[in-house]
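Analysis of the macromolecular model
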Amino acid sequence: MNTTDTLIPRPSHVALQDSPAFRLAPTARIRATAPAAQPAEQLASLLRAGTGFELPIVEDTRPGDISLEFAEAFDGGPEAYTLNVTEDGVRLTARTQAGLFNGVQTLRQLFPASIEKADASSAEWVIPAVDIADAPRFAYRGLMLDVARSFFTVEEVKAQIDVMAQFKLNALHLHLTDDQSWRIEIHEPEQNPSGLPYAQLTALGGQGAVEVPAAVPARGREGFYTQQDFKDIQAYAATKNVLVIPEIDFPGHVNAALAAIPQLNPDGQAKPMSTTPDVGWSTFSADLPATYEFVREVLSQLAAITDGPYLHIGGDEAHVTGHDDYVAMVQQFVRIGAETGKTVVGWNEFAAVELPEGAVIQYWHGDFAPVVRQAEESGAKVIMSPAANTYLDQKYASDSPIGLEWVEGGPFTWSEYYNWDPAQGGLKDHQILGVEGPLWTETVRNNEQAQWLLYPRAVSLAEVAWSGQEVRNAGDFRRRLGALGERLAQQGVAFQAAPDVEWS
Ligand code: TNX
């Protein structure tokens, strides 16, 4: 078995060549012209650490070099790349930075696993001669981190981005608010007709967290992001081809807002903060003008700091919101969201309202028919997060020390998250924006616990989202997962060593 057989996610086309292999020599260089500087730097720092070679970045080329080039790659969309390895050198070609970034992740996996070590080792840095042409099946390949139930610092979020990006996952959805907390700073606006105390959202709501007796520690972590923190995460993510999608969840999951802003309550009295993991017990009020004033202010500030095209406005589990009130509010919220110039995303319950053109529905649970209808009638795009195939917060086995187990069909391992096709229930690929695995954090308290629930299941999702059905195969994936173990271990990722995988 050579390293071209272990690539994850599996590329569209891999053609091994019957010619001599490439050997990275201590004198090798990385050739990149200016626009390729960033992926070239990223490749260089990875290879320098693992090999101890100098690997200067240069503009000319000679035999033995790795060359990053901008050009029309084959016609596979903006994230496509080609990688050609011969005895004389490595050539990576793409027409965007994203394409080059993706190609760098593939090239990284073509080197022996010890390339991932933080210190130089003296392996043979040999890659078989091969031609790879690759492009993603879906444009959106995401993870969701629930920073509301338990907080993750900016540095922790960046560390998660580092791990996910190597699998060509390119979207990070941050669930920023919930019943227990409010994690994003909202400035006091100049126009504040009802005098809403926005600073309280984080002053009070930032100190909230969930409390679950089975978790260690029982209480979640507190904290919040300033708008500058959010921009910092977003800018870092962009260097790794990851788009950040912020979510403010309403009209349910809003207790922290009701606790911070008395005017959002019909009786004008602030609610007490809450630590319960229960869901579906709080709601905004459809007939309070303050509700819409608040949503408009929050979404416009959020839109102003968000680089990407998407704003996620929640909409899930509004169990104590009357149906008419739900429709009345969410109908307004999607309009307000669209007026910011962003594309609104919502959990599939929000498919009950009339959606603006191009809205995105994130399917997680329940009736699929309204999702398909919206896709057909309003051209909505769908992010597929069916709980039984993507919920990364679920236990691996009934004795897992952390994780939840409410999703039917569980517990779930890498294979349930591998053996499914996002194109289902009548949805076609062109109606599917992509795939996302949510990590709810009722039982998660730090990055190590998060990684243990994420990996290897997030790797399954990465391949489901990237690789076409025709190149996917569970047995083959299991073998490649085994070979990935050593790489994850070198990176210090605390993954679940699934018992049915032969880990390297
Ligand atoms: C349901 S999934 C929720 C979350 C919980 C999760 C626990 C969804 C859209 N809402 O509020 O954290 O279950 O698995």
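How each quantity is defined
Residues numbered from 1 in each chain as written. Predicted model: local features only at pLDDT ≥ 70, side-chain atom pairs only at ≥ 80, totals over all residues. UniProt positions renumbered as here; feature names shortened; annotations may be inferred. Near = placed C-beta within 6 Å. Nonpolar A, V, L, I, M, F, W, Y, C, P; charged D, E, K, R; others polar. Core = buried A, V, L, I, M, F, W, Y, C linked by C-beta atoms within 7 Å. Buried ≥ 20, exposed ≤ 12 C-beta atoms within 10 Å, placed from the backbone. Contact = placed C-beta atoms within 7 Å. Helix = DSSP H or I, 4+ residues; strand = E, 2+ residues; numbered from the N terminus. Domains from an automatic or database assignment. Expected span 1.5 Å × (residues − 1). Pairing = 2+ DSSP bridges.

- The protein chain is annotated in an unreviewed UniProt entry as beta-N-acetylhexosaminidase from Arthrobacter bambusae.
- Quoted verbatim from the Sequence similarities (unreviewed entry) field of the UniProt record, the comment on the protein chain reads "Belongs to the glycosyl hydrolase 20 family."

**Quick look at the site of the ligand**
- Looking at the ligand, the residues that line it are Val-279, Asp-316, Glu-317, Trp-347, Trp-364, Asp-393, Leu-404, Trp-440 and Glu-442.
- Residues of the shell around the ligand, tallied by class, amount to five nonpolar, no polar and four charged.

**Here we look at the nonpolar core**
- Among the nonpolar cores identified, the biggest contains 122 residues, and Leu-145, Leu-172, Ala-257, Val-382, Leu-439 and Ala-458 are the most heavily contacted of them.
- Not counting chain neighbours up to four residues away, the residues in contact with Leu-172 comprise Gly-142, Leu-143, Leu-145, Ile-161, Ala-237, Val-242 and Val-244.
- Counting 35 residues, the second-largest nonpolar core is a separate cluster that includes Leu-68, Leu-83, Trp-125 and Ile-132.

**Things to note about the environment of Gln-207**
- Along the chain, Gln-207 turns up in the loop between helix H4 (199-205) and helix H5 (227-239).
- As for Gln-207 and Ser-19, which are separated by 188 residues in sequence, their C-alpha atoms are 61 Å apart.

**Quick look at the domain arrangement of the protein chain**
- By the assigned domains, the protein chain splits into domain 1 (3-134) and domain 2 (140-469 + 485-490).
- Between the C-alpha centres of domain 1 and domain 2 there is a distance of 35 Å.
- Between domain 1 and domain 2, the residue contacts involve 14 residues of the former and 14 residues of the latter.
- A total of five residues in the side of domain 1 that touches domain 2 trace back to one element, the largest contributor, which is helix H2 (residues 97-110).
- In the side of domain 1 that touches domain 2, the residues fall into five nonpolar, five polar and four charged.

**Remarks on helix H1 (residues 37-51)**
- For H1, built from 15 residues, the straight-helix expectation of 21 Å at 1.5 Å per residue is met to within 8% by its first-to-last C-alpha distance of 20 Å.
- Along its buried surface, H1 packs onto strand S3 (30-32), strand S4 (57-58), strand S5 (66-70) and H2.
- Phi for Gly-52, located one or two positions after H1, is positive at around 80°.

**Structural notes on the sheet that holds strand S6 (residues 81-86)**
- One open sheet accounts for seven strands, arranged S1-S9-S6-S7-S5-S3-S4; its pairing is mixed. Looking at which strands have only one partner, the edges of the open sheet turn out to be strand S1 (13-16) and S4.
- Pairing between S5 and strand S7 (residues 89-94): five bridges, direction parallel. If you follow Ile-66 over to S7, its bridge partner there is Val-90.

**Concerning unusual backbone geometry**
- Look at the link from Ile-8 to Pro-9: it is a cis peptide, with omega at -10°.
- You can see Pro-9 is positioned in the segment before S1.
- The step from Tyr-455 to Pro-456 runs through a cis peptide bond, and the omega angle for that step is 15°.
- In this structure, Pro-456 sits in the loop between helix H11 (447-454) and helix H12 (457-466).
- One non-glycine residue with positive phi stands out, namely Lys-168, at about 65°.
- Examined against the element boundaries, Lys-168 turns out to sit in the loop between helix H3 (154-165) and strand S11 (171-175).

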